Every structure is written in C-alpha cells, then in structure tokens.
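Below, each chain spelled out in residue letters.
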Amino acid sequence: MSAETLDLDEGSLSPDQLSTGTLMRELGLQRRPSWVLRKLMNSLEQRRQAKGLGWSRTWNKRGLNVFRTHVHEIAADADYFIPLQPLMDRFLPKAPDLYREFAHELLADPKRMAFTFYHNHDSGDAQFEGLTVSMGRRVPDDASKRDRLDVILEDRRTDGEVDGTVDRLRIYLCPWAQYRNEKAHFLYETSELTGDELDVTQALYKHCVEKYHQWKDAETRQWNHWSARYIDYFGPRSFIPVGTSFS
C-alpha cells in the first residue's frame, strides 16, 4: 500500500507506520459521496455556521480537516478533564470578567456535553496537527443553540515533521448570549508558550494523546453522525506528518 493510495502529500508518514485501525479508517473516509450531496450539505452547514446553530462555529471548521471525533460522558470521563483545570487556572485570568465567570460556570455544569476533535490545519503558510477539547451546553430557552468553550492545541509541522510539542494554543469562550447578535466571543491565542504555561499546556496535550490511542479503535467512542460523510471539513487527512501523535 502506497502513500498515493491514501492521497497524502509527499512529506507524509509512510502508511506502513500507521496502526491497522487508523489505516483502515483513513481509507474508508476517502469514499466520498456524490458531488451533488456534498454541495447541498456544505451549503446547509454554511448556513448553520452563520446562525451559530448546534455545535457549529467557524473556528472549528475553517481550514480544518477533522479526521476523527471522540465523544465523552462527563461523569464517566471525569479523569479525562483533570489536566484541563490547571490550564484554565493559568489562562482564564487573561479573560474579561464576563467570559471568565462564564467559563467557571460551564466547567462546573454537570449537564455540559463534550467532544474531542482531531484535525489537520492549514493556517496561512503553516500546517499543524492537533486537537480541540470542546465543551458546550444547550441554551435553556432554545435547544438548537449552545454555549461553547474550546481549547485548541496544535503542533506545527516543520520540514514534514512534528515533534509532539504544542506550538500554538487557542482558547475560545463563547456564551450564546454574547454570540447571538454580533458573534461576540473571547479568544486567547499564543504561539509563545514558555515556563509553566508550556508545562500545563503540554501536560494536557500528552494526556489527550494517550487517551486518543486508548480510544481510537473503540466503536462507542467514535462520533459517526451520517452528516459527516457529506461535509468537506470531515474526512481523511491530506497529510500525516512524520512523528504524528495520531498514528
């Protein structure tokens, strides 16, 4: 089996170095539907993003190739979220009071929902692989809307390789009350992680990667909604960097 079979770029990892489960998933994801269905579904998704319906936000879609999604049960996965707290303790003071209070409330809500998305990201002249720990909850008076909190960790690809270290952190705090009218939200972003900031960020990333490998072949963990087969930002990876955390 060659890299051409998976339609990867020339600097990607050899498919022989992928686990059997990951290899089969990548091949399966390349079975794309008809262009008509893709066009219709992507038009619908653009409208959903514009209105902020459900889990749709532009920062979870634009320039991304989401190749796997894991679902979480908040109570059963309590240990998964433990390393998230030191990171939030370190970075939440950078947010305005309104958004900081929102984050504390959402993180303590036992009814919140959570997913982890794994992605490739073409961002300007840079490429990253990474993940998003994404939490949300239904807005009380409108079940089609969500409050959202996303922590995005990314490892930059350099000369075809990644090194397993987080090079960019983004935190989005998005209460629906602020987002519904003017798309207002808070974003903290940095590519200059050092000292204890890097320590707490790297600890979360390492923990999430370890769980990825525990769950990647567990069917009950996979989010496989039928719509994902028709939307462009879901699908096989266009590149798999040497040293990938997601083999």
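This one's a predicted model, so the numbers in the text were calculated from it and none came from an experiment. (Residues numbered from 1 in each chain as written. Predicted model: local features only at pLDDT ≥ 70, side-chain atom pairs only at ≥ 80, totals over all residues. Heavy atoms only, no water.)

Before going further, it helps to spend a moment on the side chain of D147. Structurally, D147 is set in strand β4 (residues 142–156). Within the structure, the side chain of D147 is placed 2.9 Å from the side chain of R137, a separation counted as a polar contact. Within the local environment of D147, its side chain forms a polar contact with the backbone nitrogen of W176, the two atoms lying 2.7 Å apart. Residues within four places of D147 in sequence aside, it is in contact with F102, M135, G136, R137, V139, C174, P175 and W176. (Helix = DSSP H or I, 4+ residues; strand = E, 2+ residues; numbered from the N terminus. Polar contact = N/O pair within 3.5 Å; in protein donor to acceptor, adjacent residues only side chain to side chain. Contact = heavy atoms within 4.5 Å.)

Bringing helix α7 (residues 195–215) into the picture now. For α7, which comprises 21 residues, the first-to-last C-alpha distance of 30 Å matches the rise-based estimate of 30 Å (1.5 Å per residue) to within 8%. For α7, the full list of buried residues reads E197, V200, T201, L204, Y205, H207, C208, V209, K211, Y212 and W215. (Expected span 1.5 Å × (residues − 1). Buried < 20%, exposed > 50% of the residue type's maximum accessible area, 1.4 Å probe, protein only.)

Let us now look at the environment of M88. Examined against the element boundaries, M88 turns out to sit in helix α4 (residues 84–91). Classification of M88 as buried rests on a relative accessible area of 0%. Separated by 112 residues in sequence, M88 and V200 place their C-alpha atoms 9.1 Å apart. Those residues in contact with M88 that lie beyond four places of it in its chain are P93, L107, L149, V151 and I171.

Another aspect to go through is the pairing of strand β1 (residues 64–72). The buried fraction of β1 is high, at 8 of 9 residues. Bridge count for β1 against strand β2 (residues 113–123) is 8 bridges, and the pairing is antiparallel. Paired with N65 across the strands is N120, a residue of β2. (Pairing = 2+ DSSP bridges.)

Looking at soluble globular proteins, one finds that nonpolar side chains tend to be buried together. Core analysis: the largest hydrophobic core is formed by 38 residues, its most contacted members being L87, V151 and L173. Contributions of two or more residues to this core are made by α4, α5 (97–107), β2, β3 (126–139), β4, β5 (168–174), β6 (186–190) and α7. Examining the composition of this core, we find that 7 residues originate from one element, α7, more than from any other. Residues within four places of V151 in sequence aside, it is in contact with L84, L87, M88, L131, T132, V133, L169, R170, I171 and L204. W59, V139, Y172 and W176 belong to the second-largest nonpolar core, a separate cluster that totals 7 residues. (Core = buried A, V, L, I, M, F, W, Y, C linked by side-chain atoms within 4.5 Å.)

Quick look at the packing of aromatic side chains now. Scanning the model with the defined rule gives 10 aromatic pairs in all. Look at Y80 and F81: their rings are 5.2 Å apart centre to centre, the planes differ by 85 degrees, and that puts the pair in the edge-to-face class. Classification of F81 as buried rests on a relative accessible area of 9%. By way of ring pairs, the aromatic residues F67, Y118, Y212 and F246 are connected into one cluster. (Phe/Tyr/Trp six-rings, centres within 6.5 Å; stacked < 30°, edge-to-face > 60°.)

Turning our attention to α5. Along α5, the residues that are buried comprise Y99, F102, A103, L106 and L107. In a view along the axis of α5, the buried residues occupy a sector of 120 degrees, so they form one face of it. (Arc of directions from axis to C-beta.)

Let's shift gears to the side chain of D150. Mapped onto the secondary structure, D150 falls in strand β4. Here the side chain of D150 touches R148 through a polar contact of 2.6 Å, side chain to side chain.

Take unusual backbone geometry next. A positive phi is found at D159, a non-glycine position, where the angle reads about 55 degrees. Examined against the element boundaries, D159 turns out to sit in the loop between β4 and β5. On the basis of relative accessibility, which here comes to 77%, the residue D159 falls in the exposed class.

Inspection of the entire model under this criterion finds 15 salt bridges. For D77, the salt bridge is made with R221, and the minimal N-O distance between the two is 2.6 Å. A residue pair is termed long-range when its members are at least 10 positions apart, and D77 in the loop between β1 and α4 and R221 in the segment after α7 qualify at 144 residues. Classification of D77 by relative accessible area gives buried; the value is 5%. Residue R221 is classed as buried on the basis of its relative accessible area of 17%. The partner of D109 in a salt bridge is R137, and the shortest N-O contact between them spans 3.1 Å. Of this pair, D109 sits in the loop between α5 and β2 while R137 sits in strand β3, placing them 28 residues apart in sequence. Comparing D109 with R137 shows no difference in burial state: the two are buried. Shared partners join several salt bridges into a network, and the residues in it are R90, K94, D196 and E197. (Salt bridge = Lys/Arg side-chain N within 4 Å of Asp/Glu carboxyl O.)

Treat this as a map of the structure, not an account of what it does.
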